[in-house]
Amino acid sequence: MAVYGNSGRLGVPPLSDVHTTAQVPLGTIVSGYDSVTNTEGEYFYGKANAAITVGQICYLNNTNEVLLADADTHVNDGGPVGFALTTFAENDFGWFQISGKVKAKAGTVAAGGKVMLTSTGGTVDDAAVTGGQVLGAEFDTNDGTPAAGFAYVTCNRPHVQGQIT
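1. Here's the deal with the overall build of the protein chain
Regarding its fold elements, the protein chain presents 0 helices and 11 strands. When the helices and strands of the protein chain are listed from N to C terminus, the series reads β-β-β-β-β-β-β-β-β-β-β. Relative to the 2.2 N^0.38 estimate, which gives 15 Å for 165 residues, the radius of gyration of the protein chain is 14 Å and therefore close to what a compact globule would have. Once the C-alpha set of the protein chain is aligned to its principal axes, its extents read approximately 40 × 30 × 25 Å. For the protein chain, with 165 residues in total, the buried portion stands at 46%. Expressed as a percentage of contacts within the protein chain between residues at least 6 apart in sequence, the contacts between residues at least 24 apart total 59%. Averaged over its 7 positive side-chain charges, the protein chain has a centre that lies 4 Å from the centre of its 15 negative ones.

2. Topic: the pairing of strand β2 (residues 29-34)
Burial of β2 is one-sided: the residues Val30, Gly32 and Asp34 facing one way are buried, the residues Ile29, Ser31 and Tyr33 facing the other way are not. A loop of 4 residues connects β2 with strand β3 (residues 39-48), the two strands running antiparallel in sequence, and Asn38 in this loop sits at a positive phi of about 60°.

3. Details of the nonpolar core
Counting 20 residues, the largest nonpolar core has Ile57, Phe139 and Val153 as the members making the most contacts within it. Elements that contribute at least two residues to this core include exactly β4 (57-60), β6 (81-84), β7 (93-105), β8 (114-117), β10 (133-139) and β11 (150-160). Here this core takes 4 residues from β11, the largest share from any one element. Phe44, Ile52, Leu60 and Phe96 belong to the second-largest nonpolar core, a separate cluster that totals 10 residues.

4. Observations regarding the packing of aromatic side chains
Taken as a whole and assessed by the stated rule, the structure comprises 3 aromatic pairs. An angle of 15° between the planes, with centres 6.5 Å apart, marks the rings of Tyr45 and Phe93 as stacked. Of this pair, Tyr45 sits in strand β3 while Phe93 is found in strand β7, placing the two residues 48 residues apart along the sequence. With respect to burial, Tyr45 and Phe93 carry one shared label: buried.

5. Description of the side chain of Gln97
Mapped onto the fold, Gln97 is located in strand β7. Look at Gln97 and you get buried, because its relative accessible area is 1%. Here the side chain of Gln97 touches Lys101 through a polar contact of 3.4 Å, landing on its backbone oxygen. Setting aside anything within four residues of it in sequence, one finds Gln97 in contact with Gly41, Glu42, Tyr43, Gly82, Phe83, Leu85 and Val102.

6. Section: the environment of Gly78
Locating Gly78 in the fold gives a position in the loop between β5 (65-68) and β6. Residues Gly78 and Phe150 lie 72 residues apart in sequence; the distance between their C-alpha atoms is 24 Å. If sequence neighbours within four positions are ignored, Gly78 has contacts with His159, Val160, Gln161 and Gly162.

7. Side note on the state of the cysteines
Under the defined criterion, the tally for this structure stands at 0 disulfides. This cysteine, Cys58, is not joined by any disulfide, and Cys155 carries the nearest cysteine sulfur, 12 Å off.

Thresholds applied
Residues numbered from 1 in each chain as written. Predicted model: local features only at pLDDT ≥ 70, side-chain atom pairs only at ≥ 80, totals over all residues. Heavy atoms only, no water. Helix = DSSP H or I, 4+ residues; strand = E, 2+ residues; numbered from the N terminus. Rg over C-alpha atoms; globule rule 2.2 N^0.38 Å. Buried < 20%, exposed > 50% of the residue type's maximum accessible area, 1.4 Å probe, protein only. Contact = heavy atoms within 4.5 Å. Lys, Arg positive; Asp, Glu negative; His and termini not counted. Charge placed at Lys NZ, Arg CZ, Asp CG, Glu CD. Pairing = 2+ DSSP bridges. Core = buried A, V, L, I, M, F, W, Y, C linked by side-chain atoms within 4.5 Å. Phe/Tyr/Trp six-rings, centres within 6.5 Å; stacked < 30°, edge-to-face > 60°. Polar contact = N/O pair within 3.5 Å; in protein donor to acceptor, adjacent residues only side chain to side chain. Disulfide = S-S within 2.5 Å.

Keep in mind that these numbers describe shape and distance, not what the molecule does.
Now the structure itself:
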């Protein structure tokens, strides 16, 4: 993966790097360019509260900790989500993509489908889940592109559907 920051901010670590101590304030958002997908995107700096692998969808909580998002915990939550750019150990710091074209860990999906949480933490699918739709995101490709177990998703500040009353 070749993702480069282009926000013009000094001191911003490379977007594919992982750190054991914070390098910029948690919650920092920068823009960047992905030379693999040829797209611009936005990236959120957070702290992993568990092991996270590349492409997993993560819930960005109000303390800037990043948790694996799943349909058992985060339905009807209304909270923001992002996708891991790399693999993290618990308590690592790094970047999560919140806009642009992103490689997402996915089940069996079709291009143009709605992005939904699943009961498998960090994995998305296009099978309907009440309150589990990821708004601001859509599958760009079928599963298997760019690799087995993944699909490309285009997102724009995605968040889990809030409860409808």
